[in-house]
Amino acid sequence: MKILKIRFENIHSLKGEHEINFGEGILADAGLFAITGPTGSGKSTLLDVITLALYNRIARVDKNVSNSILEDDGGIMTRNMKSCYAEVEYRVNGKDYRSHWSIERNRNNNLNARKQELVEVATGHILESGTKTPEKNNVIIGLSYEQFVKAMVLSQGEFSKLLRAPRNERNKLLEDITGAKSYREIGKAVYFRYKSVEKKIELKKAGLEGIELLSPEVITAKKNELQSLSKTKPEIEKAYQIAAEKIKTRQELQDTQKEQKQLEVDKAELKKDIEIFKPFKVELENHEKLSKYAVNLREFDLVVKEENRLKEYIEGLQKSKEEVEALQKTYLHKISELTFEAVDVENANSKLEAFRGKIAALQNEEEKKIGEANLYKSQLNNYVRKIKQLDFSLSNADNPEQFKPQFIAFKKSVNESILNSGVGSIEALNNTLETARHNHEKAGELLTRKEQLLKIQTNIKVQNDKLKSVKEKLEQDNNAITSQEKDIIDLKKDVEILEKKLEQQRKHQSLEEYRQQLKPEEPCPLCGSIHHPYASEEPYFDAKEELLKQKKDSLKSKSDLLIALNEKNKYHLKEIKSIANDIEVLKKEETINIKVLSDLAEDLDWNYKEALETLQGNRMALANTIKQLEVSKNAFQAAEVLKDIGTSFNQWENALNEYLNLNKERSSRYKGQDINKESNTLSTQLTQAVSNISSLAKQLQETNDKIKNTTSEKSKREADLKQILVKEGLESLETLRKSIIQEDRANKIRKRENELKERHTSISVKESELVRRIKELTAKDDTKLSLEALTSLFEESKNHWDTLSVNIGKLTQSLENDENNKKRQQKVIDELNLLKKDLALWKSMNDLIGDATGNKFSNFVQDLTLEQLIGFANKRLSDFSDRYLLDIPTPEEADKSDTLKVFDRYMGNARRSVRTLSGGETFLVSLAMAFALSDIAARNVKIESLFIDEGFGTLDPETLDQAITILERMQSEGDKSVGVISHVSALKERITTQIKLEKGSLGYSILEVVQ
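The rules behind the values
- Residues numbered from 1 in each chain as written.
- Predicted model: local features only at pLDDT ≥ 70, side-chain atom pairs only at ≥ 80, totals over all residues.
- Heavy atoms only, no water.
- Helix = DSSP H or I, 4+ residues; strand = E, 2+ residues; numbered from the N terminus.
- Rg over C-alpha atoms; globule rule 2.2 N^0.38 Å.
- Buried < 20%, exposed > 50% of the residue type's maximum accessible area, 1.4 Å probe, protein only.
- Contact = heavy atoms within 4.5 Å.
- Areas by Shrake-Rupley, 256 points an atom, 1.4 Å probe, with all protein chains shown as cover.
- Phe/Tyr/Trp six-rings, centres within 6.5 Å; stacked < 30°, edge-to-face > 60°.
- Lys NZ or Arg CZ within 6 Å of the ring centre and 35° of its normal.
- 1 Å grid on protein atoms, 1.4 Å probe; cavity = no way out; pocket = protein on both sides within 12 Å on 5 of 7 lines; lining within 4 Å.
- Points joined across faces, edges and corners; volume = space filled by probe spheres on them.
- Nonpolar A, V, L, I, M, F, W, Y, C, P; charged D, E, K, R; others polar.
- Pairing = 2+ DSSP bridges.
- Axes fitted to C-alpha atoms, helices over the stretch in contact; angles between N-to-C directions.
- Parallel < 35°, antiparallel > 145°, perpendicular 65-115°, else oblique.

## Looking at the overall build of the protein chain
Across its full length, the protein chain carries 25 helices and 15 strands. On C-alpha atoms alone, the protein chain measures out to a radius of gyration of 61 Å, which is more than a quarter above the 30 Å that the 2.2 N^0.38 rule sets for 1011 residues. If you line up the protein chain on its principal axes, its C-alpha atoms span 195 × 140 × 50 Å. Looking at the 1011 residues of the protein chain, the share that counts as buried comes to 36%. Within the protein chain, residue pairs in contact and separated by at least 24 positions form 73% of the contacts whose partners lie at least 6 positions apart. Total accessible area on the protein chain stands at roughly 60400 Å², and carbon and sulfur atoms take up 50% of it.

## Some details on the packing of aromatic side chains
For the coordinates displayed, the defined rule picks out 11 aromatic pairs. Ring centres 5.1 Å apart and planes at 75° place the aromatic pair Tyr191 and Phe192 in the edge-to-face group. Where Phe403 meets Phe649, the ring centres are 6.0 Å apart and the plane angle is 35°; that geometry is what we call tilted. Within this pair, whereas Phe403 is found in helix H12 (residues 400-421), its partner Phe649 is found in helix H16 (residues 612-669), the two being separated by 246 residues in sequence. The residues Phe403 and Phe649 share a single accessibility class, namely buried. An aromatic cluster is present here, built from Phe403, Phe407, Phe649 and Trp652 joined pairwise through their rings. The positively charged end of Arg79 is found above the aromatic ring belonging to Tyr1004, 5.1 Å away from the centroid. In this structure, Lys875 is placed above the aromatic ring of Phe872, and the distance from its NZ or CZ to the ring centre is 5.4 Å.

## Some points on empty space enclosed by the protein
Under the defined criterion, the tally for this structure stands at 1 cavity of 30 Å³ or more. Its boundaries defined by the atoms lining it, the largest cavity holds a volume of some 40 Å³. Taken together, Ile3, Leu47, Ile50, Thr51, Phe148, Met152, Val153 and Phe947 form the lining of the largest cavity. When residues of the lining of the largest cavity are traced back to their parent elements, those giving at least two are helix H2 (43-55) and helix H5 (145-152). Per element, the largest residue contribution to the lining of the largest cavity is 3 residues, and it comes from H2. Residues belonging to the lining of the largest cavity are distributed by class as follows: 7 nonpolar, 1 polar and no charged.

## So, the side chain of His572
Structurally, His572 is set in helix H15 (residues 545-604). Discounting chain neighbours no more than four positions away, the residues touching His572 are Val470, Lys473, Leu474 and Asp477.

## Some details on the sheet that holds strand E6 (residues 115-120)
The strand order E2-E1-E4-E5-E6-E7 describes an open sheet built from 6 strands, whose pairing is antiparallel. Strands with a single pairing partner mark the edges of an open sheet, and in this sheet they are strand E2 (14-21) and strand E7 (125-129). Recorded for the sheet is a direction-independent mean angle of 15° between the axes of neighbouring strands. Where strand E5 (residues 95-104) meets E6, 6 bridges bridge the pair, whose relative direction is antiparallel. If you follow Tyr97 over to E6, its bridge partner there is Glu120.

## Considerations on the packing of H2 against helix H4 (residues 133-141)
Put simply, H2 and H4 touch, their axes get as near as 7 Å, and they point 105° apart. Accordingly, the angle class assigned to the pair H2 and H4 is roughly perpendicular. From H2, Ala53, Leu54 and Tyr55 reach across to H4, where they touch Thr133, Pro134, Asn137, Asn138 and Ile141. Its residues placed into classes, the contact of H2 with H4 shows 5 nonpolar, 3 polar and no charged.

Okay, structure coming up:
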C-alpha cells in the first residue's frame, strides 16, 4: 500500500486548500523526505488528513469523528471556517483509489452530515459512499485503523523507553504501543470476579446463620394448643354474635327516638317559615296579575328614550357644523398666504391650481439640472476609480471647490513621475520593464544555485571530516590488531609451557595408589626407604593450573577481540568506500552548479563568487527598479484618464451652477419642498370642509323632522297607559311599575314556595316511617337489661373472642413462618453450593492469570508479543548493522536485572544489558523495533509509505548520518516513500527535500514543499 497524493482544506491550523504529491515530482524523486516545522505548526496534521480520509479517525480522538466531537472539541475544522475536506489517493496491488471526506456548515451555522466516498481513479467508478466508506478502505488496504497507524507511523521514541525499562514497566509500554490493553483488563476482571464470588459466599454464610428454626418439640406443642383453641371457637363466636345483636338493637332504638324528637323541631321551623313567606306570596300574585302590561311600559320607555337621544344628537350636529365652518376659514387664509392673493370659497381652488402649475414647472427644471450634474459627477468618479486601480490615491468628487485643487495637485504629481522615468513613451517603458523582470528571474535562479552550491560544499566538508574520522578509527583498529596478534603469540607460548609442566605434575600425581600401599618401617619397593613422609600427606606441587586457566581465558578473549576488530575493520573499509563515492558525486554536482552559476552571472554581469548576502542585495535592487518602473507605467496610463477627468469636471461644474440659479428663482416664490403635495392637501381640505358643512345642515333638518314624529308617538303611548291604571284601580304609573317585578325575583319566590311544600311532604313521610321503626325495635329489644348491662355483656364476649382470635393467629403465623424459614434455608444452601462451584472455577482462573493490577496475564501475553517482536526486530537490525542481536533475559538474569539483553558480535558474542548501549546504538535498536511492529501490524500487506515520528534529537552527528544512510538504503532497496517528522536542524540539512511548515499570523500555518 502506497500513499500517492493528499489534498485537504481547512484542517487544524492549515487554512485554505493544499495538495502534497508523494507519487510524482520532487517528493517521489527523493523518496526520503523530512516533515519539518516548530511545535504546533501542523506536522501531525498531515497524518490526520490521511487517517481522516480513509477511516474517519484521527490520533487525538479515540473514536470515530462525529458532528458532536467537531462541535464540542472544536477540532479538525479550522476556526471561523464554514467547510473542510480531506482526500487521499493510494495504490494497492497496482490499482489507484481516491478516498474523500468532507463536512460543511449550513446557513444556520449547524454542521451537515459528513460526506465520504471511495472512487477507483482509473474508471471514476464510485465503489462506496457514506458511513460504509471506512469499512471498504479497510477491506481494500487489508488493514484496520489501528493496524494502519502501527504499520505506517513508526514512533521510535516509544521503543527507546521500552528498551531500557524493567519487565513490568516494559510490558506496560508494549501494551500501550500495540494497543493490547484488553489482556490486562481480563486479568483484573478475573481477580475482581473471584473476589466478588468470595464475598458473596461470606454474605450467604452470614445470612444462613441468621435463619432460626423451631425445634420439633415446640412445633408439636404449638399444634396441640392450636387444635384445643379451635374446638372452643364456635361457642365463643356465637356468644359474641348474640351480645353484638342486642347492643345494636338498643342503640338503633335510642337513635330512632332521637330522630323523632328532632322531627318535632323541624315541624315547628317549617310553620315559622310559612308565616314569613306570606308577604312574598302576595307580591308574586300581584306580579302574575299585572305582568301582561310590561310590554306597554317597555314600548313607552323606548319612545321616551328615542326622543332624548334625538335631542342630544341635534346638539352634537350643531356643534360639529360650527367647528367645520371655523376650519373652512382657516384653509381659505392658508391658500391666500400661499398664492399672495385674496380668495373665497368660489375661486380658491382655481387660483391654487394656477399657482401650483407655475411652481411645478420651475421644480421640474431644477430636477433636470441636478440630474445632469449628478450624471457628470458619477462619470467623473468612475474615472477616479480607474486612477485608484492604478495604485494612485485620489479622493472621490463630492463638491467642485474641494475636488479642483486635489485634481490639479495630482495632475502635477503624475507629470513629474512621467518626467522622472526618463522615457518618452509607454512602449519604451514596457521594453525596459520586461528586461528588468527577465533579469530578476535569472537572479532568482542564480541565488537558488548559489544556495545549492553552498550546501554541496558544506556536505563535501562534512564527508571529508567523516572520511578522516573513519580512517583514524581504522588506523587505531589496525594498531590494536597488531598489538592483539603479538599478545596472542606470547600467550600461546605461555600456555604451551604451562601445559607441559602440568603434564609432568600429573605423572607424579598418578602414584597415589602406590603411596597408599606403603607401610611404616617397611622398605619402599622403588627407593628402599623405610621412611614414608607422603604416605598419609599429599606432596605439594606448584601445578599453576589457575594460571593456565587465566592464560587460556585471556587467549580466548583476545582471540575473540581480534575477530571483532577484523570485522570492524571490514565495516570501516566499506564505509570509507561509501563516503568516497558520496564525495565524488558531490564534487560532480559542485562542478555542474559552478558552470550554471558562471553562465547566469555572465548574463547578469555579476560575480557569482561574492557572498550570498551581496547577491541577495543585488536581486533586491532589481526588484526595487521593477517597482519604480511599474509606478511610472501606471503614471502614463493615469495621464490619459486625467484628460477625461478634466472634461467631466467642467461639465459637472456648469450643470451645478445652472441648478443653483434655478433654485434661487423658485425659492423667491415658493420656499417649500413639494408644491404638488401642499396644494393638493389644501384643496382636499377645503373641498372636504364645504362638503361637511352641507352634509351637517341636511342632517339637522332630517333630525328635527324625526323629533316631531317621536313626540306624537309618545303622547299616544301615554294615553294608553292611563286607561290601564283606571281599569286596574292603580294610583299611578309608578305603582304599576313596582307591581311588575323582575322575572328572576319572581322565579326565586316560586322556587321558595316549592321548597316549603316539599319540606312539608318530607316531614309527613318521615314521621310515619319513624313510628313504624320504633314499634319494630321495641318488640326486639331485651327490656330486662339496662344499656350498661348490655354493654358490659358485649365487652366481655368481645374480649373472649378477640383473645381467642389473636392466640390462634399467633400460633398459625408461627408455624407458617417456620415452614417459610425452612424453605429459605434450603434455598440459601442451594445457592451457596452453586457459588462454591463458581468459586473453584474462578480461583483456578485467578491462580493462573488474575491479580488486582492485571500484571500477571498482561506480562504473560506481552512476553509472547515481545518474543515475536524481537524476532522481527533482529531481522531489521541485521539490515542496519551486523554487530548486535536482541534477546530476552533468562530467569537467572531477571533476578538481577530484567532489562532486555544484546549479543555483541564484535566482542565475541558477549551478552550484556541494552542499558550499556550508547545513544546512537539505542536509536538504531529502537528503530529496528519500530520497523518490526510495522512488519507485524502489516502482516501480508506490502507497505510502501512510512512515516517516522521524532527520535533523532538524541543522536550525535556520526550516528545521525548513519541512521539517515540506513533510511536511504532501505528506501532505495524497497522503493518506499519514507517521511521523517522532526525539528532537528542537522536532519534538515542532511535531508534537503522537505515538507516545510511554518507558523503564520493569526494562528494559521503555511505549508511548502522545498528541495
